[in-house]
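Fold and contact review
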Amino acid sequence: MKTRSIIKKFLQALGVIALALVLVGLGNWQLDRAAVVKELNAAAKVIDPKVYSLSELAAPTVALDSRNVNKKVAVNGFYIANFKAPLQSDKDGKVTDWEAALLQVDGSDPSAGILVVRGLWADRLLNMDITMSTKVDLVGTMQPHQNDDRAENVPGVISRLDSSVIVGQADLQLYDGFIVAQSEITRSSELIRTRVVAKAPVSRVAGYYWQHISYVAIWWLIAAIVLYLPFYRRSIAS
């Protein structure tokens, strides 16, 4: 009987310690989330003046690093397809249809492509001389792919700005995310048209910094209570 009692107490103690470790782990996870939110908020306030090459910020078929969102990027290539991107919202909340094009990146091996927002769909006829053989040098800002559909994905229309919706339309390895063009230059001239400014992306980590910190305190407090309760019960029993 005494051995059985010792084993029972040992298992109870093991269970308490395991539960406390789980709660501490949840607190640590919440602390990591808070750090990510703080980092993303700080990065959103910093304007990086440097213009990066596309290869410095991203790679084909690889998820875009959130730290590279909103950074300026320079790339050149050839537009091989045009799409209407309906019901897009700019930084001021104005909803319009945008023109998005698939750019085949010059010099990429294997061949790679990335979506480029060129401007308003209403202005798509301004540069009728741009063909698939016209090399374009552009500067723009990197943006993460969209998750919510704005329309149906039908020929000539993309439901959202996301390379995954155009997989199979070209024999290219596609970059995650898209570029919002700020300028386009061909051999002959700069292409003048109304440019759009994308709405600031929402952090993929839910919640606010201090909200996460409060959860950290709650998880660790519960862990402390779990560890203290056996001693409290023993003091009451005695």
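Residues numbered from 1 in each chain as written. Predicted model: local features only at pLDDT ≥ 70, side-chain atom pairs only at ≥ 80, totals over all residues. Heavy atoms only, no water.

1. Overview of the pattern of salt bridges
This is how it is decided: Throughout this description, the term salt bridge denotes a Lys or Arg side-chain nitrogen within 4 Å of a carboxyl oxygen of Asp or Glu.
Tallied over the entire structure, the rule returns eleven salt bridges. The network of salt bridges with common partners includes Glu 99, Arg 118, Glu 184, Arg 193 and Arg 195.

2. Remarks on the side chain of His 145
Keep this limit in mind: Strands here are runs of E lasting at least two residues and helices are runs of H or I lasting at least four, both read from the DSSP assignment and numbered beginning at the N terminus. Residues adjacent in sequence count toward polar contacts only when both atoms are side-chain atoms; beyond that, a polar contact is any pair of N or O atoms within 3.5 Å, and within protein one must be able to donate a hydrogen and the other to accept it.
Inspection of the secondary structure puts His 145 in the loop between β5 (135-143) and β6 (173-185). One polar contact links His 145 to Asn 147, side chain to side chain, over a distance of 3.2 Å. Among the polar contacts listed, one links the side chain of His 145 to the side chain of Asp 176, at a separation of 2.7 Å.

3. Describing unusual backbone geometry
In this structure, Asn 70 is a non-glycine residue whose phi angle is positive, near 75°. Within the secondary structure, Asn 70 sits in the loop between α2 (54-57) and β2 (72-89). Phi angles above zero are rare outside glycine, and Leu 87 is one such case at about 55°.

4. Some thoughts on the environment of Asp 92
Stated precisely, the cut-off is as follows: Using a 1.4 Å probe on the protein chains alone, a residue whose accessible area is under 20% of its type maximum counts as buried, one over 50% counts as exposed, and one in between counts as partly exposed.
With respect to the element layout, Asp 92 can be found in the loop between β2 and β3 (95-105). In this structure Asp 92 comes out as exposed when scored by relative accessible area, which is 62%. Sequence separation of Asp 92 and Gln 173 is 81 residues, and the distance between their C-alpha atoms is 33 Å. A distance of 3.3 Å separates a polar atom in the side chain of Asp 92 from a polar atom in the side chain of Lys 91.

5. Considerations on the nonpolar core
Under the convention used in this document: Remark: nonpolar core denotes a set of buried residues (Ala, Val, Leu, Ile, Met, Phe, Trp, Tyr, Cys) joined through side-chain atoms within 4.5 Å. Every residue pair with non-hydrogen atoms within 4.5 Å of one another is taken to be in contact.
In this structure, Leu 54, Tyr 79, Ile 114, Val 116, Met 142 and Ile 179 are the most contacted members of the largest nonpolar core, which totals 23 residues. Elements represented by at least two residues in this core include exactly α2, β2, β3, β4 (112-120), β5 and β6. In this view, Ile 179 contacts Leu 54, Val 73, Val 75, Ile 114, Leu 115, Val 116, Val 117, Leu 138, Gly 140, Thr 141 and Met 142; residues no more than four positions away in its chain are not counted. With 17 residues, the next largest nonpolar core counts Leu 102, Leu 161, Val 165 and Leu 172 among its residues.

6. Notes on the pairing of β6
For a regular strand, side-chain orientation follows a simple rule: the groups alternate between the two sheet faces. What counts is decided by this rule: Strands qualify as paired when DSSP identifies two bridges or more between them.
Across the 13 residues of β6, ten count as buried, placing the element largely inside the fold. The sheet contact formed by β4 and β6 spans five bridges and is parallel. In the strand pairing of β6, Val 117 is matched with Val 180. Pairing geometry for β5 and β6, over seven bridges, is antiparallel.

7. What about the pairing of β2?
The pairing of strand β1 (residues 51-53) with β2 spans three bridges and is parallel. What sits directly across from Tyr 52, in β2, is Val 73. Note: β2 against β5, seven bridges, orientation antiparallel. Bridging from a neighbouring strand, Asn 76 pairs with Asp 137 of β5. The sheet contact formed by β2 and β3 spans ten bridges and is antiparallel. Among the inter-strand pairings, Ser 89 is bridged to a residue of β3, identified as Val 95.

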